[in-house]
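Each chain, letter by letter, is given below.
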Amino acid sequence: MASPPILLIEDTPSLQLLYRAALTKAGYAVLTAGSAAEGLELLLEATPQVILLDLVLPDRDGLDLMREMLQLHPGLHVVVMTAHGSINKAVEAMRAGAHEFLVKPFDEVRLLNVVADAYKTAAATPRDTATAPLIVLPAAGPAPAPIGSGFIGSSQAMAAIHATIVSVARSMATVFITGESGTGKELCALAVHSNSPRANGPFIALNCGAIPQDLLESEVFGHMKGSFTGAISDKPGAATAADGGTLFLDEVCEMAPALQTKLLRFLQTSTVVPVGATRPKKVNVRIVCATNRDPMEAVRRGLFREDLFYRLFVVPIHMPPLRERGDDVIEIAETALARFAQEEGKQFDGLSPEVRALFRRMPWPGNVRQVLNVIRNVAVLNEGGVLTSAMLPASLLQQAQDLLIAHRPSHPSERPSQPEPLGLDSLLGRPLAEIERLVIEATLAQHNGSVPKAARVLELSPSTLYRKIEAWAQR
């Protein structure tokens, strides 16, 4: 059965003729239009699956036309075409639901690869998805998390992330995720994959910063037996393993310049050449990448190719740090506590008010990963009940203590007075509990408030010292 025709909307006659000739030669039926009005009329008459759309048209903005077409036929796969100076427009189109974009001038191979991928994706899209109305998220209020995303939190920042994932998942656009370590960049990539037409395909994650540079090319593109010392058999790379699915390149800015060149060629041709091979192999892969660096700074410093950056940085998603997500830290901690308690066969009853206040105040430099580490520690080392500050790891309590010291008033008149040096005469006649407190406070002052250092001097455990300090603060 022949594929539905391609609708080509291009107002420059010479380019229209050139693209139509290449597509016809490859066996595609092509309908052509030179204006938005003519293109819309042909869409209603012929109902094509794939549209090649120039974003600059004489009678209407191409982006507005694309939005109307997608409202009429949500199953369309629109490939937008734009000049190099209008890449921002192409990025906007990808966010609005375009399948892919082509930057003029492009060669015939690139055109045919993109069109073939659009048809393949259309064929893999279930019929009910192709005819379903577009998902419209509410203008205000938290958006529901995409199914299978694994995200926890209802803050406004995460609602925006959810909306972007739902919007971009259906296209083939490359997604570039940025954010600090521990913010959930891989979860975001998995959510994009899980909500896309490729959800039944493989999701292959590769950390470019954790693999030696001399082995990274083999890990990405594979190698042939005997191509280098230790290559005892053929090995498919991550790009081949992800065929039909999604390839997630974490810490992509750590990639060596030579491999960046090969990655760029892979993105342009959709073919891989394993180390030691002579023939390229065609694969159908969607790329999602991530970094905890500033990618623009890496480009400015010459560490990352500018052309590769613009090829990858189509739909940017920035994962906010946990300190900017409000009460999400409480939701994450409570969810993790319930899960880890179940794994350990214990019963915990949520967080105490002082722990909630402490968690909101903490800067969490390790982000979500640090919270999970803390809650896992609590679940393993305690028997259950309400999670109190006495159950928290000493390292976290030290961070909280350091935070309090850093925010003490700096004006001399506002500083608390230092404890007077203690002599035996000054201690005689006082209750033992008061003497203990005076000694501890004096030792803390001597070590600039460092609980671990004071604990070593007093031959106490830091957790014992923290519990005493907390008890004094509550009196």
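This one's a predicted model, so the numbers in the text were calculated from it and none came from an experiment. (Residues numbered from 1 in each chain as written. Predicted model: local features only at pLDDT ≥ 70, side-chain atom pairs only at ≥ 80, totals over all residues. Heavy atoms only, no water.)

Q: What am I meant to see in the sheet that holds strand β3 (residues 50-54) here?
A: Sheets are built from strands that pair by backbone hydrogen bonding, the pairs being arranged parallel or antiparallel. On the basis of which strands lie adjacent, the open sheet formed by 5 strands has the order β2-β1-β3-β4-β5 and parallel pairing. The sheet is open, and its two edges are formed by β2 (30-33) and β5 (100-104), each paired on a single side. Averaged over all pairs of adjacent strands, the angle between their axes in this sheet comes to 20°, without regard to strand direction. The pairing of strand β4 (residues 77-83) with β5 spans 5 bridges and is parallel. Bridging across to β5, valine 80 finds its partner in phenylalanine 101. Together, β1 (6-9), β2, β3, β4 and β5 form the strand contacts of helix α1 (residues 13-25), whose direction differs from that of β2 by roughly 170°. Its contacts with the sheet put helix α2 (residues 36-46) on β1, β2 and β3, and the angle it makes with β2 is roughly 150°. (Pairing = 2+ DSSP bridges. Helix = DSSP H or I, 4+ residues; strand = E, 2+ residues; numbered from the N terminus. Axes fitted to C-alpha atoms, helices over the stretch in contact; angles between N-to-C directions. Contact = heavy atoms within 4.5 Å.)

Q: Before we go on, may I ask you to explain the nonpolar core in this structure?
A: Nonpolar side chains in soluble globular proteins tend to be buried together. Ile9, Ile51, Met66, Met69 and Ile177 are the most contacted members of the largest nonpolar core, which has 43 residues in total. At 5 residues, helix α3 (residues 62-72) tops the list of elements feeding residues into this core. Contact partners of isoleucine 177, with chain neighbours within four places excluded, come to Lys185, Cys188, Ala189, Val288, Cys289, Ala290, Thr291, Ile317 and Met319. By size, the runner-up hydrophobic cluster in this structure holds 35 residues, among which are Leu322, Val355, Leu397 and Tyr466. (Core = buried A, V, L, I, M, F, W, Y, C linked by side-chain atoms within 4.5 Å. Buried < 20%, exposed > 50% of the residue type's maximum accessible area, 1.4 Å probe, protein only.)

Q: Whenever I open this one, the pattern of salt bridges confuses me. Can you help?
A: Charged atoms that come close allow side chains of opposite charge to pair. Within this structure, the stated rule accounts for 16 salt bridges. Across the salt bridge formed by lysine 104 and glutamate 10, the nearest N and O atoms sit 2.9 Å from each other. One end of the pair, lysine 104, is in strand β5; the other, glutamate 10, is in the loop between β1 and α1, with 94 residues separating them in the sequence. Residue lysine 104 is classed as buried on the basis of its relative accessible area of 17%. The shortest N-O distance in the salt bridge between lysine 262 and glutamate 217 comes to 2.3 Å. Of this pair, lysine 262 sits in helix α11 (residues 257-269) while glutamate 217 sits in helix α9 (residues 213-221); the two residues are 45 residues apart in sequence, bridging distant segments of the chain. (Salt bridge = Lys/Arg side-chain N within 4 Å of Asp/Glu carboxyl O.)

Q: Got a minute to help me understand the packing of α9 against α11 in this structure?
A: Geometry of a packed helix pair, given as the angle between the helix axes and the separation of the axes. Interaxial distance between α9 and α11 falls to 10 Å at its minimum, and their mutual angle equals 15°. Our classification of the angle between α9 and α11 gives roughly parallel. Like other packed secondary-structure pairs, α9 and α11 cross with a definite hand, here right-handed. Together, Leu216, Glu217, Val220 and Phe221 of α9 and Leu259, Lys262, Leu263 and Phe266 of α11 make up the contact between the two elements. (Parallel < 35°, antiparallel > 145°, perpendicular 65-115°, else oblique. Left-handed = near helix turned anticlockwise from the far one by under 90°.)

Q: Would you take a moment to explain helix α14 (residues 328-344) for this structure?
A: Residues that lie three or four places apart on an α-helix share one face, since the helix turns once every 3.6 residues. Between its terminal C-alpha atoms α14 stretches 24 Å, which fits the 24 Å expected from 17 residues at 1.5 Å a residue. All of the buried residues in α14 are Asp328, Val329, Ile330, Ile332, Ala333, Ala336, Leu337, Phe340 and Ala341. Next to the buried residues of α14 lie α7 (156-169), β15 (347-351), α15 (353-361), α16 (367-381) and β16 (384-387). Immediately beyond the C-terminal end of α14, within one or two residues, lies glycine 345, with a positive phi of roughly 70°. (Expected span 1.5 Å × (residues − 1).)

Q: Where do I start with the state of the cysteines in this structure?
A: Within the structure shown, the criterion is met by 0 disulfides. Between cysteine 289, a free cysteine, and cysteine 253, which holds the nearest cysteine sulfur, the sulfur-to-sulfur gap is 8.0 Å. (Disulfide = S-S within 2.5 Å.)

Purely geometric stuff here, so don't read any function into it on its own.
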